[in-house]
Amino acid sequence: MRINVASLAHFWRRAAASSWLAALVMFVFTGITQAAETRWKEGYIPNVPVVTQDGRTLLFYDDVMKGRISIISFIYTSCRDICPVVTARLSQLEDNLGDSAGRDYFFVSISIDPLNDTPDKLKEYSKAFGIGSRWLFLTGKAQDIELIRHRLGERSRALTEHRNEVLLFNDVTGEWERNSAFGDINVLASAVRAMDPVQRAALRPTEQANAGTFVDDPLNLPGQALFLKTCGGCHTIGRGNRVGPDLQGISTRRSRDWLTAYIMKPEKMRASKDPAALALAQKYPEVRMPNLGLSEFDSSDVIAYIEAMTYARRADESTPHAHHHHH
Ligand code: HEC
């Protein structure tokens, strides 16, 4: 949902001139739109000092937000829940945006646990996701970070209930938009590009309509969408280790029961000192495989998809002259 405050207000003003009903509606809405209109004016975004994962001190407005289109997320490195998935998804978005990431669009992850998240911890965390220095991971003084959080609408008190949305903000136009990291990455990439008025004009209607229909590979199994959305940020099938291990051939390395139990409740496996789960946790120390709330059905769909992809990749590899149609 994009909110262009100025044109919304203009719309209501025109509508109000034409009918009493709209006038009544305007009476109700004026307060809201006026409040919103002043929200992002100079000084709304706090110009407080923040520290990057490389230990540099920057001013949050002047050095980070000013004149830019930013993709903002809130994280904390000890989160064992859903927030690593957000970072993993956003790193896919960064890949998707290609060269324009860090040039036209800037990724900013703000720690909501600044006491614990030192620059060094943020550095380790970003490295676990293969993220470089162009993407800023910020910490700072607790009261400064709190001010930033509040102004950007991230107000939850407990760490565990913080929002997992992504905030898109164009400082030049004053537009902002909340989005989810859990949808189709191509759709999110289009939303990011559309924050730029020039790109928005260039996006043809057909492209906009088709933005969500891209599929990464030719199989069309029920587990595919689920895998791409909830696992693909951290795992590949046959393209190497990412945040977590490559899952190609996983069913030949692990029993079906183990896989199902692990995919559904990895934290329980670790708590019960399952040797394989503990060995994995040791090998991948920065990020924990989160409990993603999958049902047994979901889990078996996902396993079936991984098996099918494993089989497809092996077939690819054993036919050297095979012609690749996908992509
Ligand atoms: C935020 C990143 C993340 C997401 C999302 C994620 N995983 Fe993992 N996964 C990991 C990490 C890291 C490990 C390594 C072990 C650990 O975390 O303790 C792992 C381990 C695994 C393993 C064990 C691999 C082995 O070699 O035995 C399986 C199986 C697995 N994940 C499946 C999945 C599936 C299926 C999904 C999607 C439903 C998923 N993961 C989503 C990060 C993730």
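### What to know about the overall build of the protein chain
Working step 1: The helix and strand inventory of the protein chain stands at 15 helices and seven strands.
Working step 2: For the protein chain, with 327 residues in total, the buried portion stands at 43%.
Working step 3: Put simply, of all contacts in the protein chain between residues at least 6 apart along the chain, 68% involve residues at least 24 apart.
Working step 4: Of the roughly 17100 Å² that the protein chain leaves accessible, carbon and sulfur atoms contribute 57%.

### Side note on the site of the ligand
Working step 1: Neighbouring the ligand are 28 residues; Cys231, Cys234, His235, Arg254 and Met289 lie closest to it.
Working step 2: Within the side chain of Arg254, an N or O atom sits 2.6 Å from an oxygen atom of the ligand.
Working step 3: Between an oxygen atom of the ligand and a main-chain N or O atom of Met289, the distance comes to 2.7 Å.
Working step 4: Contributing elements (two or more residues each) for the shell around the ligand: α4 (83-97), α10 (222-231), α11 (250-253), α12 (256-264) and α14 (275-283).
Working step 5: Broken down by element, the residue count for the shell around the ligand peaks at four residues, all from α12.
Working step 6: Within the shell around the ligand, the residues separate by chemical class into 21 nonpolar, three polar and four charged.

### Focus: the pairing of strand β4 (residues 105-111)
Working step 1: In terms of residue burial, β4 counts as a mostly covered element, since seven of its seven residues are buried.
Working step 2: Across the two faces of β4 the burial is the same, with Tyr105, Phe107, Ser109 and Ser111 and Phe106, Val108 and Ile110 all buried.
Working step 3: Each parallel crossover has a hand, and the one from strand β3 (residues 69-75) via α4 to β4 is right-handed.
Working step 4: The sheet contact formed by β4 and strand β5 (residues 136-138) spans three bridges and is parallel. Residue pairing in the sheet places Ser109 in a bridge with Phe137 of β5.

### Things to note about the coordination of the iron atom of the ligand
Working step 1: Around the iron atom of the ligand, the protein contributes the donor atoms His235 (NE2) and Met289 (SD), which lie 2.0 to 2.1 Å from the metal centre.
Working step 2: Metal-centred angles of 85 to 178° between the six donor atoms at the iron atom of the ligand mark the site as octahedral. A residue pair is termed long-range when its members are at least 10 positions apart, and His235 in the loop between α10 and α11 and Met289 in the loop between α14 and α15 (296-318) qualify at 54 residues.
Working step 3: The exposure class assigned to His235 is buried, which follows from its relative accessible area of 12%.

### Structural notes on the sheet that holds β3
Sheet strands pair by backbone hydrogen bonding; their relative direction is either parallel or antiparallel.
Working step 1: Strands sit in the order β5-β4-β3-β6-β7 across an open sheet of five strands; the sheet is mixed. Looking along the sheet, the strands with just one partner apiece sit at the ends: β5 and β7 (175-180). Sheet twist, expressed as the average angle between the axes of neighbouring strands with direction ignored, equals 25°.

### Details of the environment of Pro114
Working step 1: Turning to its location among the elements, Pro114 is positioned in the loop between β4 and α5 (119-128).
Working step 2: Sequence separation of Pro114 and Val51 is 63 residues, and the distance between their C-alpha atoms is 10.0 Å.
Working step 3: Excluding residues that lie within four positions of it along the chain, Pro114 makes contacts with Thr139, Gly140, Ala142 and Ile145.

### Brief notes about α10
Note: α-helices contain 3.6 residues per turn, so residues at a spacing of three or four share the same orientation.
Working step 1: All of the buried residues along α10 are Gly223, Gln224, Phe227 and Cys231. Buried residues of α10, seen end-on, are gathered within an arc of 110° and therefore sit on one face of the element.

### Things to note about the pairing of β7
Working step 1: One ladder, built from six bridges, connects strand β6 (residues 165-170) with β7; its direction is antiparallel. Its bridge partner being in β7, Glu165 is matched across the sheet by Ser180.
Working step 2: Taken together, β6 and the strand that follows it, β7, pair antiparallel across an intervening segment of four residues, in which Gly174 is found at a positive phi of about 75°.

### Remarks on the packing of aromatic side chains
Working step 1: Tallying each qualifying case throughout the model produces six aromatic pairs.
Working step 2: With 5.6 Å between their ring centres and 15° between their planes, Trp135 and Phe137 make a pair best called stacked.
Working step 3: Assessed through its relative accessible area of 1%, Trp135 is described here as buried.
Working step 4: Judged by relative accessible area, which is 0%, Phe137 ranks as buried.
Working step 5: Linked through ring pairs, Phe107, Tyr125, Phe129, Trp135 and Phe137 together constitute an aromatic cluster.

About the thresholds
Residue numbering note: each chain is counted from 1, following its sequence as written. Side-chain atom pairs in this predicted model are given and counted only at pLDDT of 80 or more, local residue features only at pLDDT of at least 70, and totals for whole chains, interfaces and linings cover all residues. By convention in this description, side-chain values take in all heavy atoms of the structure and omit both hydrogens and water. Only runs of H or I of at least four residues qualify as helices and only runs of E of at least two qualify as strands under DSSP, and these elements are numbered from the N terminus. Burial here depends on accessible area, computed with a 1.4 Å probe over protein chains only, as a share of the maximum for the residue type. Under 20% is buried, over 50% is exposed, and the range in between is partly exposed. We call two residues in contact when some of their heavy atoms are within 4.5 Å. Only the protein chains shown count as cover for residues, and the accessible areas themselves come from Shrake-Rupley with a 1.4 Å probe. Near is defined per residue: the residue qualifies when any heavy atom it owns lies within 4 Å of the molecule or strand. N or O atoms closer than or at 3.5 Å make up a polar contact, with two conditions inside protein: a donor-capable atom paired with an acceptor-capable one, and, for residues adjacent in sequence, both atoms drawn from side chains. Lys, Arg, Asp and Glu make up the charged group, whereas Ala, Val, Leu, Ile, Met, Phe, Trp, Tyr, Cys and Pro make up the nonpolar group; the residues left over, Gly among them, are polar. The handedness of a crossover follows from its direction of travel: if, with the strands pointing away from the viewer, the path from the first strand over the helix to the second runs clockwise, the crossover is right-handed. By the convention used here, strands pair only if DSSP detects at least 2 bridges between them. Because water is not among the atoms used, a metal site may look incomplete, as its donors are only the N, O and S atoms within 2.8 Å, or 3.2 Å for Na, K and Ca. Key to geometry: four donors with every angle between 85 and 135 degrees are tetrahedral; four donors are square planar and six octahedral where opposite donors lie over 155 degrees apart and all remaining angles lie between 65 and 115; all other sites are irregular. Throughout, an axis means a line fitted to C-alpha atoms (over the contacting stretch in the case of helices), and angles, computed between N-to-C directions, take values from 0 to 180 degrees. Note: the arc covers the axis-to-C-beta directions of the helix. Any Phe, Tyr or Trp ring, taking Trp's six-membered ring, that has another such ring centre within 6.5 Å forms a pair; planes under 30 degrees apart are called stacked, those over 60 apart edge-to-face, and the others tilted.

Honestly, that's just the spatial picture; any functional story needs more than this.
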